[in-house]
Amino acid sequence: MATTPDRIRRLLADQLGDCCDSDVEQRLDELNDLADTAFADDGARPVFAVLGNETRYRLARALSVAGNELCVCELEPLVDVSESAVSHALADLVEAGLVTRRKDGNWRYYSTTPLTDDLLATADDRRADA
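Here the structure is a predicted model, which means the values were calculated and not measured. (Residues numbered from 1 in each chain as written. Predicted model: local features only at pLDDT ≥ 70, side-chain atom pairs only at ≥ 80, totals over all residues. Heavy atoms only, no water.)

Asks: Describe the overall build of the protein chain, naming the residues involved and giving the relevant values.
Replies: Secondary structure assignment for the protein chain yields seven helices and three strands. Counting helices and strands in the order they occur from the N terminus, the protein chain gives α-α-α-α-β-α-α-β-β-α. In terms of C-alpha radius of gyration, the protein chain reaches 23 Å, well past the compact-globule figure of 14 Å for 130 residues. Referenced to the eigenvectors of the C-alpha coordinate spread, the extents of the protein chain come out at roughly 70 × 30 × 30 Å. (Helix = DSSP H or I, 4+ residues; strand = E, 2+ residues; numbered from the N terminus. Rg over C-alpha atoms; globule rule 2.2 N^0.38 Å.)

Laid out in structure tokens, this is it:
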């Protein structure tokens with residue numbers, strides 16, 4: 001199997017018609033700079049990680065479709081997990097900035113943030129276009 005520099009050398013040779021060690025080194029430096037920039041502030045990763053869980057995704061989706069606050073007791077019947085798992089999933093969504101929580105006496109109400117609504121709408125649009 002070819003190593004990364006060998007494959008890059010072949011790619012550059014195809015693109016440039018010829019390739020030398022300095023071309024490969026320059027391209028590797030450019031790719032390292034790209035990685036530094038792309039991963040410098042990886043604030044989006046926790047958002048996608050949280051939505052990667054089925055329970056959290058379903059809760060976020062339900063709240064987004066509802067368009068208004070729902071009490072945790074209204075969310076529990078929507079997912080097939082324990083009450084504590086629902087509370088934990090909602091706490092994860094709050095921590096990721098995808099859901100807000102408001103306490104009113106003994107009740108806790110949840111709603112989505114604009115980020116969640118935008119992410120889900122974008123995903124729906126992309127899926128519709130496919």
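Asks: Which residues make up the pairing of strand β3 (residues 107-112), and what values go with them?
Replies: Relative to β3, strand β1 (residues 70-71) is paired through two bridges, and the arrangement is antiparallel. In the sheet register, Cys71 faces β3, and the bridge partner there is Tyr109. Connecting strand β2 (residues 99-104) to the next strand, β3, in antiparallel fashion are two residues, including Gly105 with a positive phi near 65°. (Pairing = 2+ DSSP bridges.)

Asks: Any details on the pattern of salt bridges? Residues and values, ideally.
Replies: This model, assessed by the stated rule, comprises six salt bridges. With a closest N to O distance of 2.9 Å, Glu30 and Arg27 form a salt bridge. Separated by three residues within a single helix, Glu30 and Arg27 lie in helix α2 (residues 21-39), roughly one turn from each other. Overall, Arg27 belongs to the partly exposed group, its relative accessible area being 33%. (Salt bridge = Lys/Arg side-chain N within 4 Å of Asp/Glu carboxyl O. Buried < 20%, exposed > 50% of the residue type's maximum accessible area, 1.4 Å probe, protein only.)

Asks: Can you lay out the pairing of β2 for me, pointing to particular residues and giving the numbers?
Replies: Look at any regular strand and the pattern is simple: side chains alternate between the two faces of the sheet. When β2 meets β3, the two strands line up antiparallel, connected through six bridges. Looking across to β3, one finds that Arg101 is bridged to Tyr110.

Asks: Could you give an account of the packing of helix α1 (residues 4-16) against α2, naming the residues involved and the relevant values?
Replies: As a packed pair, α1 and α2 sit with axes 10 Å apart at the nearest point and diverge in direction by 110°. It follows that α1 is roughly perpendicular to α2 by the angle criterion. Listed contacts from α2 to Pro5, Ile8, Arg9, Leu12 and Leu16 of α1 are Asp21, Asp23, Val24, Arg27, Leu28 and Leu31. Taken together, the residues of the contact of α1 with α2 sort by class into seven nonpolar, no polar and four charged. (Axes fitted to C-alpha atoms, helices over the stretch in contact; angles between N-to-C directions. Parallel < 35°, antiparallel > 145°, perpendicular 65-115°, else oblique. Contact = heavy atoms within 4.5 Å. Nonpolar A, V, L, I, M, F, W, Y, C, P; charged D, E, K, R; others polar.)

Asks: So what about the domain arrangement of the protein chain? Which residues, and what values?
Replies: You'll often see interface size given as the accessible area lost when the parts meet. Segmenting the protein chain into domains produces domain 1 (4-39) and domain 2 (44-129). Placing the centre of domain 1 and that of domain 2 at their C-alpha centroids yields a distance of 42 Å. (Domains from an automatic or database assignment.)

Asks: Let's hear about the sheet that holds β3: which residues, and what values?
Replies: With antiparallel pairing, the three strands of this open sheet are ordered in space as β1-β3-β2. Across the chains shown, the open sheet's two edge strands, defined by having one partner strand only, are β1 and β2. Across the face of the sheet, helix α6 (residues 83-95) comes into contact with β2 and β3 while running at roughly 120° to β2.

Asks: Can you tell me about the nonpolar core, naming the residues and giving the values?
Replies: Among the nonpolar cores identified, the biggest contains 19 residues, and Leu59, Leu63, Leu75, Leu90, Leu93, Leu98 and Tyr110 are the most heavily contacted of them. Here this core gets four residues from one element, more than from any other, and that element is α6. Contact partners of Leu75, with chain neighbours within four places excluded, come to Leu59, Leu63, Leu70, Leu90 and Tyr110. (Core = buried A, V, L, I, M, F, W, Y, C linked by side-chain atoms within 4.5 Å.)

Asks: Report on the environment of Ala66, specifying residues and quantitative values.
Replies: Position of Ala66 among the secondary structure elements: in helix α4 (residues 54-66). A C-alpha to C-alpha distance of 13 Å links Ala66 and Pro114, two positions 48 residues apart in sequence.

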